[in-house]
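Take a look at the letters that make up each chain.
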Protein chains: 6
Amino acid sequence: MSGKLTHFDADGQAHMVDVSDKDVTDRTAIATGQVIMTPETLALVTEGTAKKGDVLGVARLAGIMGAKKTSDLIPLCHPLPVTKVSLDLEPDADLPGVRITATVKTSGQTGVEMEALTAVSTAALTVYDMLKAAEKGMQIEGIKLLAKTGGKSGSYEAKP
Amino acid sequence: MSGKLTHFDADGQAHMVDVSDKDVTDRTAIATGQVIMTPETLALVTEGTAKKGDVLGVARLAGIMGAKKTSDLIPLCHPLPVTKVSLDLEPDADLPGVRITATVKTSGQTGVEMEALTAVSTAALTVYDMLKAAEKGMQIEGIKLLAKTGGKSGSYEAKP
Amino acid sequence: MSGKLTHFDADGQAHMVDVSDKDVTDRTAIATGQVIMTPETLALVTEGTAKKGDVLGVARLAGIMGAKKTSDLIPLCHPLPVTKVSLDLEPDADLPGVRITATVKTSGQTGVEMEALTAVSTAALTVYDMLKAAEKGMQIEGIKLLAKTGGKSGSYEAKP
Amino acid sequence: MSGKLTHFDADGQAHMVDVSDKDVTDRTAIATGQVIMTPETLALVTEGTAKKGDVLGVARLAGIMGAKKTSDLIPLCHPLPVTKVSLDLEPDADLPGVRITATVKTSGQTGVEMEALTAVSTAALTVYDMLKAAEKGMQIEGIKLLAKTGGKSGSYEAKP
Amino acid sequence: MSGKLTHFDADGQAHMVDVSDKDVTDRTAIATGQVIMTPETLALVTEGTAKKGDVLGVARLAGIMGAKKTSDLIPLCHPLPVTKVSLDLEPDADLPGVRITATVKTSGQTGVEMEALTAVSTAALTVYDMLKAAEKGMQIEGIKLLAKTGGKSGSYEAKP
Amino acid sequence: MSGKLTHFDADGQAHMVDVSDKDVTDRTAIATGQVIMTPETLALVTEGTAKKGDVLGVARLAGIMGAKKTSDLIPLCHPLPVTKVSLDLEPDADLPGVRITATVKTSGQTGVEMEALTAVSTAALTVYDMLKAAEKGMQIEGIKLLAKTGGKSGSYEAKP
C-alpha cells in the first residue's frame, strides 16, 4: 500500500492528476454490490421481471448511463470515452436481494474503476427507487472493486 | 408494506408517476452509509483533513452536487428544486472508515429520499476515488434511508 | 395564427421570454411520431419485446429521461419540473414501424409541448439506434403535437 | 440485412457493445430531416433571417450542441469526441418548410450516425420551439441517415 | 457588510443553505462585464454581425443557456427555474470591445445573482472563443452585479 | 493577426470546425484572473481557509469540474478528454482579492485555451458566490490566457 494520495499536490491542494505521460492501454474494471430487501420485495422483482414491471431492466440501463456520467459526478476523475459497459443484475434469494456486477472497458491513460463502481451505485439506487413504494428499509451493501487490468499499477483482484 | 410498484403502469410499463395532484409540502430525508477501509488508510484521511489533502471536504462537495443531479441519474425520478443539502462525514476508528450522513429538504410534490441516498453514494464514491491510490479494497456499506418527513405517506424512521 | 415570434425581442434578438407574470396552472401536452422500418426489422422488435432484447423498453426510458433534458437541449426553453412523463410505443404492422406517443404534465408558468416533443424524438432516435445494425434506412416521421391544455392560450388539438 | 441486434447480449439484456477491438478510423455521417409548416410561418423564417429574429441561426447552434449530447441522450451510445459538426438549414417553399442537413465527423471506434441524427432532431425541435407561437401544427418529417463512411461496415448511402 | 459566510455551517463545513423557510418572491438580477480586444478584432465583430459570422448572436445564446446551468457549475448554488433570461451585447469602440449585460428573473426562495453573473461569464468566454483565431490577447474585465431586487436582503444597486 | 474567424464557414454560418486532419499533439494552456474585494472580505477568506470555511478549496474544485464542462458551455468548442487540470488560488492583499491561475493539459487535435479560461471563470464565480453574503460589490477582472503550447499555431505567451 502506498501512502501517496495522488489527488493532492505537494501543498495538499486537490487537483486532477496529470496523466498525459501515461501510456494508452486497454483497461478493464469489474465492480459489484448488492441491494438487500425482504423476501416479499424480492418476489416483486422476480415476478415483475418475468411478467410486468421490469425493475432490473430499468436499473441496468441506469447503470450503463451512470457509467457515462462518472467524470461529471466524481470531482477529480478524468473524462474518458468508455468502450464497453455491461451490467448483470441477479435476484438472489439467499441475500435476499439483487446482486449487481458491472464491467467497464476503455483504451486510455487512466483506469475505469470509478466508472464500474459508479455503474453499480447508480443501478443500486435505481433498484431502490423502483421498489421504495413497497419497502423503505432496503440497504445497499458491499460495493467494491472485484478486479482491474491494464495500466502501470497492473492487475488487481479482490480477495475472496 | 404495499405491493404496488408505482413506477410501472397497469401494463407493467415504466413511467414517471403523475404527482400533479399531490400537495406541495415540506419534505426532508436523511440517509447514511459508510466507506470501510484499513486503519492505515483512515489515518491518511484524518491526518490529511487536519494538515493537507482534504479528502472529506472534496467528498462533501461531491455529495452536495450529486444531490442536484439525482433526477438526471435515476430514470424515473421527478426533477425538483432542493432547498437544502448538507453532508456530514465522520472518520470512525471503530469501522474503521468514514461514516456519511446526508440531509436534504425541499418544498414539493415528491419526497427527497433519492436525493439523500444519491448524495451519500456520490460522497462515498468520491472518498473511494481520493483514497484508491492507497487501498483498492475499500468497500461501501450500509447505504440506507434513516428518516423522512412530509408527503402523504407521512414520516418514516429506520429501525435501529 | 399570430405573427409574433415571442422568442425574439423588439430588436430581433433571441431571449428567454419573461413568464414571471404568467399564472401557475396545470399543463398537459401530448405528442406523437413514428419510426418507419421494413417488416423484417419490425419483426425483430415484436419478437424481441416478447422474448429477449426489449427495444421498446429501452426507448421508453430514453424518452422519459429525454423529457427531463428538454431545457438543456432547446436553447430558449424554460426549465420546469415535470410532474408526469409517460410514453407509449406500439409496433404497427400497417406502417410498418413503431408508433410513439408521449404525455407530459407540469404545474407551471409555461407549457410542456417541447417536453412532449423531445420525449418522442429521443425515443425515436433510440429505436433507430437499437435497430440500426439490422437496417440503416429507417425514417422518423410525423413528429407533432397532438394536444395541449392549460395556460393562457388554452387548449389545442391537432386536426385529424 | 442482419438480424443481429448488437445492443443486446446473448440473454437479451441491453448493454453498451464492446468496441475496444475496433480500429480507430475516420468516420463521417450525414443525416437530414424537415420541419413542415404553412407558407405564412415559413415567411416569418425567411424574413426573420434577413432582418431580425434569426430562427435558423438559433436552431443551427442547438443542433451543433445537441450532437455533443448524443451519448447522454441515447442510452447505449458510446461517448466519442466529435471532430466536426456542421448544419445546413434551408427554407424550402416547396415543402413548405425548413430542410435540415447535418454532417458529423470523428476519429474513433464507432460511427457518428446517431450524432448526425441527434443534431438534425435537436435543430428541428428548436425550429418548432421558435415558431410555435405562430403555428402549433408544424410537423417534423423524414429524419434519416443520408450517408456514412468509415468503420468495418463500410460506406452507406440512402437510396434516393 | 456582514461577516457571516452562509455557505459554511457552524463547524466551517460547506453546505447548501436551508432556504425552505424563505418566502417565494419575485427576484431579478442584472450583471455586466466586458471583453476587451483590439480595434481590428472589434471590427471583425461589427462587420460580422451585419454581414456574416454572427459572433454576438452565438454568444447571446451561450449566455442564455449558461444561466440555466448555474446550479450545475456553482457547487453550493440552489437549483431554481428561471423565468426570464436576456442578454445584451454591445460593441463599444471606446473599450474597445464588447459590453455584455444580462438580466435574469425568477419566482423563488433564493436570488438569481449567480445566474446573471454566469450568463455574462459564459457569453464573454464564447466571445473569446469565436474571436481567438484573430487575437489571443483579449481580456474579460469588470464582471459584476449591477442590481438585484427581491428577497429578504432587499434591493441592491452597484455604485457607479 | 489573422482576420479569419474559423468558427464560421464561407457563408458566415456558425459551425464546429473540422479538426479531423489535425495532429494529435500534447497541448497545454494556462489562464488567469482575479476577484477583487474589500480588505475586510479578503480577511474572511484568509482566516476561513486556515480555520473554518474553506472558500478557496470549494472554488478550486468548482474550477476543476468547470474545465470538464467546457464543451457543454461553449457552443462551438470541441469535446476533448483533459489529462490534467490544476488551479492555484492565492489571496493577494495588494489587489485586494484572490488571484486565480489554471493549468490544463490534453493530448488532442485542438487546444485547451477555453478549458483553462472556463476553469478560471468558474472558480471566480464560485469565490463570488461563497462571499456574496459579505460583499455584493466584488468584481471579476483580468481573465486572460497567459500561455499555450502545442498545435499548429505553436506557442503563445501573453505580453507582461
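Chain A is annotated in an unreviewed UniProt entry as Cyclic pyranopterin monophosphate synthase of Maritimibacter harenae. Per UniProt, chain A has the following entry under Catalytic activity (unreviewed entry): "(8S)-3',8-cyclo-7,8-dihydroguanosine 5'-triphosphate = cyclic pyranopterin phosphate + diphosphate". Per UniProt, chain A has the following entry under Pathway (unreviewed entry): "Cofactor biosynthesis; molybdopterin biosynthesis."

Helix and strand content of chain A: 4 helices and 5 strands. When the helices and strands of chain A are read in sequence order from the N terminus, they spell out β-α-α-α-β-β-α-β-β. When its C-alpha atoms are laid out on the principal axes, chain A stretches across 50 × 30 × 30 Å. Buried residues in chain A amount to 61% of all 160 residues. The long-range share in chain A, meaning contacts at least 24 apart out of those at least 6 apart in sequence, stands at 70%. Only carbon and sulfur atoms are counted for the fraction: they give 50% of the accessible area of chain A, which is about 5700 Å². Distance between charge centroids for chain A: 2 Å, based on 17 positive and 20 negative side chains.

Glancing now at the interface of chain C and chain D. Each partner contributes residues to the interface: chain C has 58 residues there, and chain D has 58 residues. Summing both partners gives a buried area of about 4800 Å² for chain C against chain D, and 68% of it is carried by carbon and sulfur. Applying the counting criterion to the chain C and chain D interface returns 2 salt bridges. Salt-bridge contacts for Asp72 of chain C lead to Lys69 of chain D; the nearest nitrogen and oxygen are separated by 3.6 Å. Between the two partners, chain C and chain D, sit 8 residue pairs in polar contact (both at pLDDT 80 or more). Where the side of chain C that touches chain D is concerned, the elements lending two or more residues are helix H1 (39–50), helix H2 (55–68), helix H3 (70–73), helix H4 (113–131) and strand E4 (139–149) of chain C. For the side of chain C that touches chain D, a count of residues per class yields 27 nonpolar, 17 polar and 14 charged. Of the pairings in the sheet, the one linking E4 of chain C to strand E4 (residues 139–149) of chain D comprises 2 bridges and is antiparallel in character. The residue bridging Ile140 of chain C from the neighbouring strand is Ile143 of chain D, located in E4 of chain D.

On to the relation of the copies chain C and chain D. Screw-axis analysis of chain C against chain D gives a translation of 0.0 Å along the axis, an RMSD of 0.0 Å, and a rotation angle of 180 degrees. What the rotation and shift describe, once combined, is the action of a two-fold rotation axis. When each C-alpha of chain C is compared by its distance to the rotation axis, Glu141 of chain C comes out closest, at 2.2 Å. A symmetric contact is evident, with 100% of the interface residues of chain C recurring at the interface of chain D.

You won't find any contact between chain B and chain D; their C-alpha atoms come no closer than 10 Å. Chain A shows no contact with chain E. Their nearest C-alpha atoms sit 10 Å apart.

This paragraph deals with the interface of chain D and chain A. Tallying the contact residues gives 18 residues for chain D and 13 residues for chain A. Here chain D and chain A share an interface that buries about 1400 Å² over both sides, 55% of which is from carbon and sulfur atoms. Looking at the side of chain D facing chain A, the largest losses of area belong to Met16, Pro75 and Pro79 of chain D, adding up to 35% of the total buried there. Note that Lys105 of chain A is salt-bridged to Asp18 of chain D, the shortest N-O span being 2.7 Å. In this structure, the connection of chain D to chain A is made through 10 residue pairs in polar contact (both at pLDDT 80 or more). Along the lines of polarity and charge, the residues of the side of chain D that touches chain A split into 10 nonpolar, 6 polar and 2 charged.

As a further point, take the relation of the copies chain D and chain A. Once turned by 120 degrees and shifted 0.0 Å along the axis, chain D lies on chain A with an RMSD of 0.0 Å. Both chain copies can therefore be described as sitting about a three-fold axis. Relative to the rotation axis, the C-alpha of Pro81 of chain D is the closest in chain D, positioned 4.6 Å from it.

Turning our attention to the UniProt feature "binding site: substrate" (unreviewed entry) in chain A. Residue and element names in this part refer to chain A. Within this numbering scheme, the UniProt entry marks Leu76, Cys77, His78, Met114 and Glu115 as carrying the feature "binding site: substrate" (unreviewed entry). The annotated residues occupy 40 residues of the chain but converge on a single region, no pair of C-alpha atoms lying more than 12.7 Å apart. Looking at the secondary structure, you find His78 in the loop between helix H3 (70–73) and strand E2 (84–92). Residue class for His78 comes out buried when judged on its relative accessible area of 8%. A distance of 2.6 Å separates the side chain of His78 from the backbone oxygen of Val17, its partner in a polar contact. Position of Met114 among the secondary structure elements: in helix H4 (residues 113–131).

As a further point, take helix H2 (residues 55–68) of chain E. Here H2 of chain E contains 14 residues, and its C-alpha end-to-end distance of 21 Å stays within 8% of the 20 Å for a straight helix at 1.5 Å per residue. Buried residues dominate H2 of chain E, accounting for 14 of its 14 residues.

Considering the arrangement of structural elements, one finds Lys69 of chain D in the loop between helix H2 (55–68) and helix H3 (70–73). Among the residues examined, Lys69 of chain D registers a relative accessible area of 7% and is labelled buried. Polar contacts involving the side chain of Lys69 of chain D include one to the side chain of Asp72 of chain F, which spans 2.9 Å.

In this section: H4 of chain A. Over its 19 residues, H4 of chain A runs 27 Å from end to end, which matches the ideal 27 Å to within 8%, given 1.5 Å per residue. A large share of H4 of chain A lies buried, amounting to 19 of its 19 residues.

Glancing now at the environment of Arg27 of chain D. All names here are of chain D. Mapped onto the elements of the fold, Arg27 is located in strand E1 (residues 25–36). Assessed through its relative accessible area of 7%, Arg27 is described here as buried. Spatially, the C-alpha atom of Arg27 lies 5.5 Å from that of Thr149, the residues being 122 residues apart in sequence. In this structure, Arg27 is in contact with Val104, Lys105, Thr106, Gly108, Gln109, Thr110, Gly111, Val112, Thr149, Gly150 and Gly151, ignoring residues within four places of it in sequence.

Right, let's get into the packing of helix H2 (residues 55–68) of chain A against H4 of chain A. Residues and elements named next belong to chain A. Viewed as axis vectors pointing N to C, H2 and H4 meet at an angle of 145 degrees, and their least axial separation amounts to 7 Å. The handedness of the crossing between H2 and H4 comes out as right-handed. Residue-level inspection shows Val55, Val58, Ala59, Ala62, Gly63, Gly66 and Ala67 of H2 in contact with H4, the latter providing Glu115, Thr118, Ala119, Thr122, Ala123, Thr126, Val127, Met130 and Leu131.

Cut-off values and rules
- Residues numbered from 1 in each chain as written.
- Chains lettered and ligands numbered in written order.
- Predicted model: local features only at pLDDT ≥ 70, side-chain atom pairs only at ≥ 80, totals over all residues.
- Heavy atoms only, no water.
- UniProt positions renumbered as here; feature names shortened; annotations may be inferred.
- Helix = DSSP H or I, 4+ residues; strand = E, 2+ residues; numbered from the N terminus.
- Buried < 20%, exposed > 50% of the residue type's maximum accessible area, 1.4 Å probe, protein only.
- Contact = heavy atoms within 4.5 Å.
- Areas by Shrake-Rupley, 256 points an atom, 1.4 Å probe, with all protein chains shown as cover.
- Lys, Arg positive; Asp, Glu negative; His and termini not counted.
- Charge placed at Lys NZ, Arg CZ, Asp CG, Glu CD.
- Buried area = accessible area lost by both parts, 1.4 Å probe.
- Salt bridge = Lys/Arg side-chain N within 4 Å of Asp/Glu carboxyl O.
- Polar contact = N/O pair within 3.5 Å; in protein donor to acceptor, adjacent residues only side chain to side chain.
- Nonpolar A, V, L, I, M, F, W, Y, C, P; charged D, E, K, R; others polar.
- Pairing = 2+ DSSP bridges.
- Least-squares fit on C-alpha atoms with pLDDT ≥ 70 in both.
- Expected span 1.5 Å × (residues − 1).
- Axes fitted to C-alpha atoms, helices over the stretch in contact; angles between N-to-C directions.
- Left-handed = near helix turned anticlockwise from the far one by under 90°.

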